[in-house]
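Chain by chain, the residues run as shown.
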Amino acid sequence: MFDQNDPQPTRSGRLTEAERIRLARLREDAYTADLELPEGTDRWSTWPDAEQGPHPRPSWLVTDLAAADTELGVLKTGKEADVFVIERAVPGGPTCLLAAKRYRAAEHRLFHRDAGYLEGRRMNKSREGRAIANRTSFGRNLIAEQWAAAEFKALSRLWSVGAPVPYPAQRDGTELLLEYLHSSGQAAPRLAQTRPDASELRELWEQLVAALELFALQGLAHGDLSAYNVLVHEGQLMVIDLPQVVDLVANPTGREYLARDIANIGRWFISRGLPPEIADTESLMTHLLVTAGLD
Ligand SMILES: Nc1ncnc2c1ncn2[C@@H]1O[C@H](COP(=O)(O)OP(=O)(O)OP(=O)(O)O)[C@@H](O)[C@H]1O
Ligand SMILES: [Mg+2]
């Protein structure tokens, strides 16, 4: 029985507050409820409404409904997407850092990417198809959303087979939230920005070959591989930027994309001093085609 003399549970404790927020967000009226965002944060966690990343989910990922997101800074702005660092945190509780890649509904989106992707889709007669074809602002937004969805799908598939890609935490519309690859908050450098010595260079090449083997086992080529779309995170090579991933079996020009990927990245390794007999792009191509079951 409730006894008036018992001490009342504190309502101002931080965990109690987080629990109150979590419960309020579970209610139907969660978004209209007069829930005040924790001070200094930008929005409630978008996790509950997003397409969520594959299992098993990494233990560092904050999935709590009481979490809120804060933008900490910008990593890169570009024509097609902007990348920000955000912190997702429960007041007084767990916190994680994420890279938010936001696709733009840009006028100047690289046409070749759209053309290749849209070719295979049967939406030309629909309202969406017409909007895309006419590049209305609604259509441009749909294109941006399709790129985000394509990248999320590719990352999820590759992460699930152990390929070195950041964990895709979620996709919500045109925004992807990815594992932020960093050391003490500092973003992992692009391969192009690194100056590996001879033995590091050889080690990175071996990691690259292993990564491409995992791609090929899935029947995939990156499609835009370069020393700018590979990061080096604490000695580990990580592949990013995958919206245009190419299906080697279904796409008649798949082999050409694979050959171009290998040539691009091979050139970088050779320019940095890796002996061409090690960075042997021709035998790598043959090896990857066999791995993909295509030769
Ligand atoms: N998960 C991540 N962790 C750390 N940094 C990241 C991550 N994802 C992206 N970045 C940074 O943001 C940059 C842009 O990301 P990405 O290449 O995916 O986008 P993009 O707009 O398609 O780029 P671009 O058009 O320049 O190739 C990367 O070069 C990298 O520096
Ligand atoms: Mg890129």
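Residues numbered from 1 in each chain as written. Chains lettered and ligands numbered in written order. Predicted model: local features only at pLDDT ≥ 70, side-chain atom pairs only at ≥ 80, totals over all residues. Heavy atoms only, no water.

Take the coordination of the magnesium ion (ligand 2) next. Six octahedral donors around a metal ideally make angles of 90 or 180 degrees; four tetrahedral donors ideally make 109.5 degrees. Those protein atoms acting as donors to the magnesium ion (ligand 2) are Asn-229 (OD1) and Asp-241 (OD), and they sit at 2.2 Å. Within this pair, whereas Asn-229 is found in the loop between β10 (220-221) and β11 (230-233), its partner Asp-241 is found in the loop between β12 (236-239) and β13 (246-247), the two being separated by 12 residues in sequence. (Donors = N, O, S within 2.8 Å, 3.2 Å for Na, K, Ca; no water. Helix = DSSP H or I, 4+ residues; strand = E, 2+ residues; numbered from the N terminus.)

Here we take up the site of ligand 1. The environment of ligand 1 is formed by 16 residues, the closest being Lys-76, Lys-101, Glu-179, Arg-190 and Asp-241. Taking Glu-179, its main chain carries an N or O atom lying 2.8 Å from a nitrogen atom of ligand 1. Across the complex, the protein chains shield 87% of the 610 Å² of accessible surface that ligand 1 would expose by itself. Elements with a contribution of two residues or more to the shell around ligand 1: β3 (68-77), β4 (81-89) and β5 (95-103). (Near = heavy atom within 4 Å. Polar contact = N/O pair within 3.5 Å; in protein donor to acceptor, adjacent residues only side chain to side chain. Areas by Shrake-Rupley, 256 points an atom, 1.4 Å probe, with all protein chains shown as cover.)

The strand order across the open sheet formed by 7 strands is β1-β3-β4-β5-β7-β6-β2, and the pairing between neighbours is antiparallel. Two strands in the sheet have a free side with no partner beyond their single neighbour: β1 (43-44) and β2 (51-52). Where β5 and strand β7 (residues 175-179) come together, 5 bridges link them in antiparallel fashion. Within the sheet, the bridge partner assigned to Ala-100 lies in β7 and is Leu-177. Sitting on the sheet, helix α4 (residues 137-160) touches β2, β5, β6 (168-172) and β7, and the angle it makes with β6 is about 160°. (Pairing = 2+ DSSP bridges. Contact = heavy atoms within 4.5 Å. Axes fitted to C-alpha atoms, helices over the stretch in contact; angles between N-to-C directions.)

Time to look at the side chain of Glu-151. With respect to the helices and strands, Glu-151 occurs in helix α4. A relative accessible area of 2% places Glu-151 in the buried class. Ignoring sequence-local partners within four residues, the contact set of Glu-151 consists of Lys-101, Tyr-103, Leu-176, Asp-241, Leu-242 and Pro-243. (Buried < 20%, exposed > 50% of the residue type's maximum accessible area, 1.4 Å probe, protein only.)

On to the side chain of Arg-140. Residue placement: Arg-140 occurs in helix α4. Within the local environment of Arg-140, its side chain forms a polar contact with the backbone oxygen of Ala-105, the two atoms lying 3.3 Å apart.

Here α4 spans 35 Å end to end across 24 residues, near enough to the 34 Å set by a 1.5 Å rise per residue. Positive phi shows up at Gly-162, right after α4, with a value of about 85°. (Expected span 1.5 Å × (residues − 1).)

Let us look at the nonpolar core. By size, the foremost hydrophobic cluster in this structure holds 75 residues, and its most contacted members are Val-165, Leu-191, Trp-205, Leu-208, Leu-258 and Phe-269. With 10 residues, the top contributor of residues to this core is α4. When residues of this core are assigned to domains, at least three map to each of domain 1 (17-180) and domain 2 (187-291). Each residue touching Leu-208, except ones within four places of it in the same chain, is listed here: Leu-225, Leu-237, Ile-265 and Phe-269. (Core = buried A, V, L, I, M, F, W, Y, C linked by side-chain atoms within 4.5 Å. Domains from an automatic or database assignment.)

Turning to the packing of aromatic side chains, a few remarks are in order. Inspection of every chain in the model, using the stated rule, returns 4 aromatic pairs. Pairing Trp-60 with Tyr-167 gives two aromatic rings, centres 6.3 Å apart and planes at 90°, and the pair type is edge-to-face. Of this pair, Trp-60 sits in the loop between β2 and β3 while Tyr-167 is found in the loop between α4 and β6, placing the two residues 107 residues apart along the sequence. Look at Trp-60 and you get partly exposed, because its relative accessible area is 32%. In this structure Tyr-167 comes out as buried when scored by relative accessible area, which is 0%. Taken together, the aromatic side chains of Trp-60, Trp-159 and Tyr-167 make up a single cluster linked through ring pairs. Residue placement shows Arg-127 over the ring face of Phe-138; its charged tip is 4.5 Å from the ring centre. (Phe/Tyr/Trp six-rings, centres within 6.5 Å; stacked < 30°, edge-to-face > 60°. Lys NZ or Arg CZ within 6 Å of the ring centre and 35° of its normal.)

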